[in-house]
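Given next are the chains, with one letter for each unit.
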Number of protein chains: 4
Amino acid sequence: MSYNTFGHMFRVTTFGESHGAAIGCVVDGCPPRIPLSAADIQRDLDRRRPGQSRFTTQRQEPDAVKILSGLFVDEASGQEVTTGTPIALVIENVDQRPKDYSAIKDLYRPGHAGYTYDVKYGLHDYRGGGRASARETAARVAAGAIARKIVSGMVVRGALVQMGEILIDRKRWDWEEVSRNPFFCPDAEAAMRFEEYLEGVRKKGSSVGAVIEVVAEHVPPGLGAPVYGKLDADLASALMGINAVKGVEIGAGFGAARLTGEENADEMRMGKDRKPVFLSNQAGGILGGISTGQPIVARFAVKPTSSILTPRRTVDRFGRETEVSTKGRHDPCVGIRAVPIGEAMVACVVADHYLRHRGQAGEPVAWPFPPRAK
Amino acid sequence: MSYNTFGHMFRVTTFGESHGAAIGCVVDGCPPRIPLSAADIQRDLDRRRPGQSRFTTQRQEPDAVKILSGLFVDEASGQEVTTGTPIALVIENVDQRPKDYSAIKDLYRPGHAGYTYDVKYGLHDYRGGGRASARETAARVAAGAIARKIVSGMVVRGALVQMGEILIDRKRWDWEEVSRNPFFCPDAEAAMRFEEYLEGVRKKGSSVGAVIEVVAEHVPPGLGAPVYGKLDADLASALMGINAVKGVEIGAGFGAARLTGEENADEMRMGKDRKPVFLSNQAGGILGGISTGQPIVARFAVKPTSSILTPRRTVDRFGRETEVSTKGRHDPCVGIRAVPIGEAMVACVVADHYLRHRGQAGEPVAWPFPPRAK
Amino acid sequence: MSYNTFGHMFRVTTFGESHGAAIGCVVDGCPPRIPLSAADIQRDLDRRRPGQSRFTTQRQEPDAVKILSGLFVDEASGQEVTTGTPIALVIENVDQRPKDYSAIKDLYRPGHAGYTYDVKYGLHDYRGGGRASARETAARVAAGAIARKIVSGMVVRGALVQMGEILIDRKRWDWEEVSRNPFFCPDAEAAMRFEEYLEGVRKKGSSVGAVIEVVAEHVPPGLGAPVYGKLDADLASALMGINAVKGVEIGAGFGAARLTGEENADEMRMGKDRKPVFLSNQAGGILGGISTGQPIVARFAVKPTSSILTPRRTVDRFGRETEVSTKGRHDPCVGIRAVPIGEAMVACVVADHYLRHRGQAGEPVAWPFPPRAK
Amino acid sequence: MSYNTFGHMFRVTTFGESHGAAIGCVVDGCPPRIPLSAADIQRDLDRRRPGQSRFTTQRQEPDAVKILSGLFVDEASGQEVTTGTPIALVIENVDQRPKDYSAIKDLYRPGHAGYTYDVKYGLHDYRGGGRASARETAARVAAGAIARKIVSGMVVRGALVQMGEILIDRKRWDWEEVSRNPFFCPDAEAAMRFEEYLEGVRKKGSSVGAVIEVVAEHVPPGLGAPVYGKLDADLASALMGINAVKGVEIGAGFGAARLTGEENADEMRMGKDRKPVFLSNQAGGILGGISTGQPIVARFAVKPTSSILTPRRTVDRFGRETEVSTKGRHDPCVGIRAVPIGEAMVACVVADHYLRHRGQAGEPVAWPFPPRAK
């Protein structure tokens, strides 16, 4: 059962509400003897942190992470390492302004989860979205920082590839560019267009959607548990579960519907070291739910936040018709901050599958085969 | 851990290979006292069965299901009903032709799972795709037939909405039409275009992708387990896990990336019986991972099968470069038969969440609220 | 997968080491709208707390619990209630004395987990047993306090029924007595004998084992998930998983091996309100893995702690033979403090099964039957 | 959630009722490339099979197992091996006599699960106990035969050590003896006493309880997942979940309650190959929930079956008081056939933990340590 836990061998349980005392998570199943410090986690948290440009919410949260358990000094290196026991992380909420929410506490804001939480549970913490707030994703990013260390050599990077109607030009893709603009955009020219466009959206008090692409390189082949723990199925679940996400695709994705079998086939040749290579990657690095060794490519669509200045018709908890508009601190494009979150989720899923594979079949073995001895 | 099991309270474990003795499943966690017969299941299986038109593989499988356990005669009604114990279903494989596969047993067919199974496990059953065959999905359809009976009033229907570059016209959508053409197409005109188009694809020995839409109506509000068992995340996993699926979206889906907050907001008014109604359904029936009571709308993209007549470059198990083309029985558009499979997966996910919700919070309660007494 | 999580619908994930910053847990899956405060939890924690008599370790830990998430004010009552989201609890470690452990950090103390943790993980936090410390059980007791509130009317109580060779006299069983002596002993006379006996054990720097009995009354009939989630199997797991436990039994337990079928049969008659009653309870309230409605009776045996003054032969991490004896703060009979822990584990297991049952089959229905309508 | 599935990485899902069409199981998560044939499984099934002496039920079931999936010919060896996909096993029911049960279909037999199944599900398959029948355990034994092959070198053996009041003499323990008498008794003299005693019990139409001991040798150290997947906790669950079991203990078990710390400590010395050895095994091979490398020793108590000739008072489904006695085919000591079942459950649990350990921490590493490089 997964309510607030994801993963099977690498398991992440998160807790906390937007305006409660703290948010955090317990990471369980981490292999022992991995060097880890709060700084390793803080680095990723800082990429997700709000208030870093005028294009994200102005809430000021230091997002300082504290590690409560699961580390111990390794005598050989003098470094703190994981012990194989649960790693509990806590991030205190600092810049809460629950009063901001008293005006809308009985209103259902279109596109928000307040209505469904109320239907499900009979009440909900309306302060900043409570449990449904994007603030919860800080815990995911923290867990992802640990996951990145599990699969040796793996690199997981994300980028914003579409904002509203504007797409990047893939020919200009430059990973270095991603950290140089406030949009995680790999195309410097598109970043400038995003800036101008989003400035207009922000000034109107409106919002806009986006598409994010995450690429995981150096993922060992053989990861994935067919047929109901497929790597792509688990990625789909992990990415669709991020706040505001409405679509997920792998490799050619929805574009694959338009292709013929000839166009879609990733042909194979022998490469150097007698390893097979693929001549294209329509598959996005996954065949039959199992990693091929090619880069894993996933994209997800983020809807525009419903917190906008233009009044929208709605009802309240008492069944009265009314209107609502949002004047508080909000993101004109929540998709931006979804980039490090998407990376974290992909890293967690791959790490989980790495451990699962190792359990069933031992360390991943690369070509050449046929069959190894047991 | 889920290798070959999905669901949490309504759990489906499938087994079997394309050319082994049989395929089947064990459905566990089904509520007791639900009337069920093999005929109920056979009806759905017959919709997925191959060989029913020239547009699907000509393999002839009766797909006759046998129920081995989990039913007992209810004395009051004289009918067989579920007992709450596992329901084991077996479907024998009849029209196996394993010899068809000897020529390609050492070749990696681009786009097939043979390569990744070999990397993962060190061997694989190459006959008809073995475990990775679409034949496995018969077990899902069987399970879905049971799931449909669990949520009272729920109706789950699917349709093919795109084949290659051709889209249906949503204004002509007619559910009645779906059973009248071999494509599960809800638009009679599009069906005719599909037919002509696919006939050309078939004759060339080529294949083409498709998009399927599944709609679940009369799903109680309140289903879904935030934040890591969200209804949309579980649907994404269930649909992405179907063979050949490369993308999943809910409601506005990838289109949401292009929308502004104003366009995307599903406004609310009070309807009859003092129940809130939504004026649109961009959300696809799910907010914050929880069902709203509106129809749940999910779409998924199916790639063209890689089994085509045109030779493709590849390698074999021994690291030799070669070419491969497929002359056997295959589907020019595997997306067609994915329609009942998609329905089944959606039904299973909703049934599971219905039971999960009832466990945590009791029977779903509809508006009006605020809070019910415990 | 369960490393540091137990339960299925009512799920408890614990974290923390004996001498780390804090211990705690995340309780997930709790039904919404249950009144809950830190005081409710503190009450149970105080019963388990060390340093309350000379018969338990003199470590001084206030065990003050903080609730970080999962509660919100119910407007109707003005009280804090559960929201259905994860309840995170933290208990800071205050009276750590890690220096006490430097002398034994490389020694394997017979009966302690240091050796096996080292074999498993390649290192371990040796301070006070680290993760293997009984301190971890405070988190269980906290979770148990929440579990008790889920099953309406349920009462779970425990008692020490044997210490070393001394057994209580069941004819003198008085639940009121349990809180009047430092042994949780229901027999006042036995308590006096325990005191004298344990004082001798303590002065010698020795230790002794014990047997605890936990009784859960007013558990609805019908709870338990045959055949691999049987109520008794889950109780066995929960109780055997308490530190130092070496045996678990239900009802007649090992005594059942000595009985004939005639003696062991719990005969039935009709009681008042036309409800069936059992004339004995050899079954301990469970038949076929499902609760009967009778009191659930479980017993477990706790070994003597291996932390004793008498030197024992052992080896160290470097493979050198040596001796070890323990001079620090320890419990001469760890079984005493196991009483509230056993209660907590039983409460958690029953609460979990209550929710699981409700999910599959709806609210438990008492006699009369046969069959209810669905 | 586990209703009819146990294990985490090595997962067993069973199905079937005593007098239905068939029983069986799906074994999932098995490592690939393990040689396996139906004969391997049949060997263990034949040890559990009824009707082999006058001391077990006279039902005649060949218990012939069929493997439906999960195997494929390994080209190198020409042998069938596991493929890493689900292994489905089916055993047809042959000697059903459902008519035998019509007389008692409305009666609740004391000690049987009919009453609790009815309370839980509102109906039950009363023929031979339905799902609650010991017949279900054939599936466990089949799964255990596979599990035995996973942990290289592991030997799991069981023996009956007590029948009613009669205990074996441990000094005469001889594993060879176990297969020479119909009681799985390791003490030839005790076996003769058992025979005489049980003959008397059988003739009276009575029944008697028993204690079984299972020993697993050559289990790698380091297996077990503290703190909620402890090896002993999982063994307790697995053994308590066998039909009619009322108690489980590890190592010294309930006897540990009577011991002092000095007596209970398993002292350590350095043995040959610079490996640590234990001078005793009160721990039963498990410390802190993790295997030490010593033999794992578990015992469980089986109650006398309630199917006896002497009439017992009971009620029926309609709330009428009555009496019941059993004249059909039954076991005077169900504990006998529990021996191979106990072995199977222990083998499954250890195999599961072997895979789980390998997933988190890689192949088990034996002494010497301290710390290996990652």
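Residues numbered from 1 in each chain as written. Chains lettered and ligands numbered in written order. Predicted model: local features only at pLDDT ≥ 70, side-chain atom pairs only at ≥ 80, totals over all residues. Heavy atoms only, no water.

J.: Is there a simple way to explain the overall build of chain A in this structure?
T.: The helix and strand inventory of chain A stands at 7 helices and 18 strands. Relative to its length of 374 residues, chain A is compact, with a C-alpha radius of gyration of 22 Å against a globular reference of 21 Å. Its C-alpha atoms give chain A principal-axis dimensions of about 70 × 55 × 40 Å. Here chain A, with 374 residues, has 70% of them falling under the buried criterion. Relative to all contacts within chain A whose residues are 6 or more apart in sequence, the contacts with residues 24 or more apart total 69%. Total accessible area on chain A stands at roughly 11600 Å², and carbon and sulfur atoms take up 51% of it. Each charge class in chain A can be summarised by its mean position, and for the 49 positive and 44 negative side chains these summaries are 3 Å apart. (Helix = DSSP H or I, 4+ residues; strand = E, 2+ residues; numbered from the N terminus. Rg over C-alpha atoms; globule rule 2.2 N^0.38 Å. Buried < 20%, exposed > 50% of the residue type's maximum accessible area, 1.4 Å probe, protein only. Contact = heavy atoms within 4.5 Å. Areas by Shrake-Rupley, 256 points an atom, 1.4 Å probe, with all protein chains shown as cover. Lys, Arg positive; Asp, Glu negative; His and termini not counted. Charge placed at Lys NZ, Arg CZ, Asp CG, Glu CD.)

J.: I keep staring at the relation of the copies chain B and chain C and nothing clicks. Help me out?
T.: Each of the two chain copies goes to the other by way of a rotation about an axis and a shift along it. At an RMSD of 0.0 Å, chain B and chain C line up after a rotation of 180° and a shift of 0.0 Å along the axis. In the structure described here, the two chain copies are related by an operation that fits a two-fold rotation axis. Relative to the rotation axis, the C-alpha of Gly359(B) is the closest in chain B, positioned 1.8 Å from it. Comparing interface residues between copies, 100% of those in chain B also lie at the interface in chain C; the contact surface is shared. (Least-squares fit on C-alpha atoms with pLDDT ≥ 70 in both.)

J.: Before we go on, may I ask you to explain helix α7 (residues 338-361) of chain B in this structure?
T.: Since there are 3.6 residues in each turn of an α-helix, residues three or four apart along the chain are aligned in direction. Residues and elements named next belong to chain B. Over its 24 residues, α7 runs 34 Å from end to end, which matches the ideal 34 Å to within 8%, given 1.5 Å per residue. Most of α7 sits out of view: 24 of its 24 residues are buried. Trailing α7 by a residue or two, Gly362 shows a phi angle of about 85°, which is positive. (Expected span 1.5 Å × (residues − 1).)

J.: It is not clear to me how the sheet that holds strand β4 (residues 65-67) of chain A should be interpreted in this structure. Could you clarify?
T.: Within a beta sheet, neighbouring strands are joined by backbone hydrogen bonds and run either parallel or antiparallel to one another. Residue and element names in this part refer to chain A. Taken in spatial order, the 5 strands line up as β1-β2-β3-β7-β4 in an open sheet, and their pairing is antiparallel. Pairing within the sheet leaves two strands with one partner each, and these edge strands are β1 (5-6) and β4. Relative to strand β7 (residues 87-92), β4 runs antiparallel, the two being bridged by 3 bridges. Within β7, the residue paired with Val65 across the bridge is Ile91. Contacting β2 (11-16), β3 (22-28) and β7, helix α3 (residues 137-147) runs over the sheet at an angle of about 30° to β3. (Pairing = 2+ DSSP bridges. Axes fitted to C-alpha atoms, helices over the stretch in contact; angles between N-to-C directions.)

J.: Looking at this model, I keep getting lost on the interface of chain B and chain C. Mind explaining?
T.: For interface size, the figure often reported is the accessible area lost on association. The partner chain C presents 23 residues to the 23 residues of chain B that form the contact. Across the chain B/chain C interface, buried area totals approximately 1800 Å², and carbon plus sulfur atoms make up 49% of it. Our enumeration of links across chain B and chain C arrives at 9 residue pairs in polar contact (both at pLDDT 80 or more). Across the side of chain B that touches chain C, the residue classes tally to 11 nonpolar, 5 polar and 7 charged. (Buried area = accessible area lost by both parts, 1.4 Å probe. Polar contact = N/O pair within 3.5 Å; in protein donor to acceptor, adjacent residues only side chain to side chain. Nonpolar A, V, L, I, M, F, W, Y, C, P; charged D, E, K, R; others polar.)

J.: Just to check I follow, could you spell out the sheet that holds strand β4 (residues 65-67) of chain C for this structure?
T.: Residues and elements named next belong to chain C. With antiparallel pairing, 5 strands are arranged side by side in an open sheet as β1-β2-β3-β7-β4. This sheet does not close on itself; its edge strands, each paired only once, are β1 (5-6) and β4. Taken together, the 2 bridges between β1 and strand β2 (residues 11-16) define a ladder with antiparallel strand orientation. Directly across from Thr5, in β2, lies its bridge partner Thr13. The sheet strands contacting helix α1 (residues 38-48) are β4 and β7 (87-92), and the helix crosses β4 at an angle near 150°.

J.: Explain the environment of Arg317(C) to me, please; I cannot follow it from the model alone.
T.: Within the element layout of this structure, Arg317(C) appears in the loop between β17 (312-315) and β18 (321-324). For the pair Arg317(C) and Ile67(C), spaced 250 residues apart in sequence, the C-alpha to C-alpha distance is 39 Å.

J.: Sorry, what's going on with the relation of the copies chain B and chain A here?
T.: With an axial shift of 0.0 Å and an RMSD of 0.0 Å, the rotation relating chain B to chain A amounts to 180°. Here 100% of the contact residues of chain B are again contact residues in chain A; the copies associate through an equivalent surface.

J.: What's the story with the packing of aromatic side chains in this structure? I'm lost.
T.: Between two aromatic rings, the relevant description is the distance of the centres plus the angle of the planes. A complete count under the given rule lists 31 aromatic pairs over all chains for this structure. With centroids separated by 6.1 Å and ring planes inclined at 85°, the aromatic side chains of Phe183(C) and Phe194(C) adopt a geometry described as edge-to-face. Taken together, the positions of Phe183(C) in the loop between β9 (166-167) and α4 (188-203) and Phe194(C) in helix α4 put the pair 11 residues apart, joining distant regions of the chain. Overall, the relative accessible area of 0% leaves Phe183(C) in the buried class. Exposure remark for Phe194(C): the relative accessible area of 0% places this residue in the buried category. Here the aromatic cluster, defined as three or more aromatic residues joined through ring pairs, consists of Tyr108(A), Tyr115(A) and Phe278(B). (Phe/Tyr/Trp six-rings, centres within 6.5 Å; stacked < 30°, edge-to-face > 60°.)

J.: Explanation requested: the pattern of salt bridges in the structure shown.
T.: Close approach of charged atoms lets side chains of opposite charge pair. All chains considered together, the criterion is met by 136 salt bridges over all chains. Between Asp118(C) and Arg317(C) there is a salt bridge, and its shortest N-O distance comes to 2.6 Å. Of the two residues, Asp118(C) sits in helix α2 (residues 114-121) while Arg317(C) sits in the loop between β17 and β18, which places them 199 residues apart along the sequence. Here Asp118(C) and Arg317(C) have matching classes, each one buried. In this structure, the salt-bridge partner of Arg148(D) is Asp44(D), at a minimum N-O distance of 2.9 Å. Taken as a pair, Arg148(D) in the loop between α3 (137-147) and β8 (155-163) and Asp44(D) in helix α1 (residues 38-48) lie far apart in primary sequence, 104 residues in all. The class for Arg148(D) is partly exposed, based on a relative accessible area of 22%. Overall, Asp44(D) belongs to the buried group, its relative accessible area being 13%. Where salt bridges share partners, they join Asp169(A), Lys171(A), Arg172(A), Asp187(A) and Glu189(A) into one cluster. (Salt bridge = Lys/Arg side-chain N within 4 Å of Asp/Glu carboxyl O.)

J.: Would you mind showing me how to read the packing of helix α3 (residues 137-147) of chain B against α7(B) here?
T.: When two helices pack together, their arrangement is given by the angle between their axes and by how far apart the axes lie. All names here are of chain B. In the contact formed by α3 and α7, the axes pass within 8 Å of each other and the chain directions differ by 50°. What the angle tells us is that α3 and α7 run oblique. For the crossing formed where α3 meets α7, the hand is left-handed. Where α3 abuts α7, its residues Thr137, Arg140, Val141, Ala143, Gly144 and Ala147 lie against Pro340, Ile341, Ala344, Met345, Ala347, Cys348 and Ala351. Here the residues of the contact of α3 with α7 are counted per class, giving 10 nonpolar, 2 polar and 1 charged. (Parallel < 35°, antiparallel > 145°, perpendicular 65-115°, else oblique. Left-handed = near helix turned anticlockwise from the far one by under 90°.)

J.: Whenever I open this one, the pairing of β18(C) confuses me. Can you help?
T.: Residues in a regular strand project their side chains so that they alternate between the two faces of the sheet. Residue and element names in this part refer to chain C. Note: β17 against β18, 4 bridges, orientation antiparallel. Of the residues in β18, the one forming a bridge with Thr314 is Thr322. What sits between the antiparallel neighbours β17 and β18 is a turn of 5 residues, in which Gly319 has the positive phi angle 80°.

J.: Can you walk me through the environment of Pro62(B) in this structure?
T.: Residues and elements named next belong to chain B. Along the chain, the position of Pro62 falls in the loop between α1 (38-48) and β4 (65-67). The exposure class of Pro62 is partly exposed, given its relative accessible area of 42%. For the pair Pro62 and Val94, spaced 32 residues apart in the sequence, the C-alpha separation amounts to 7.7 Å. Once you skip the residues sitting within four places of it in the chain, Pro62 turns out to touch Gln42, Asp46, Arg49 and Val94.

J.: Looking at this structure, I do not really get the interface of chain B and chain A. What am I missing?
T.: With 119 residues of chain B at the interface, the matching set in chain A holds 119 residues. For the chain B face of the interface with chain A, the top three residues by lost area are Lys120(B), Tyr228(B) and Lys246(B), together amounting to 9%. Here chain B and chain A share 8 salt bridges between them. The closest approach of N and O atoms between Glu165(B) and Arg258(A), which form a salt bridge, is 2.9 Å. Residue composition of the side of chain B that touches chain A, grouped by class: 57 nonpolar, 37 polar and 25 charged.

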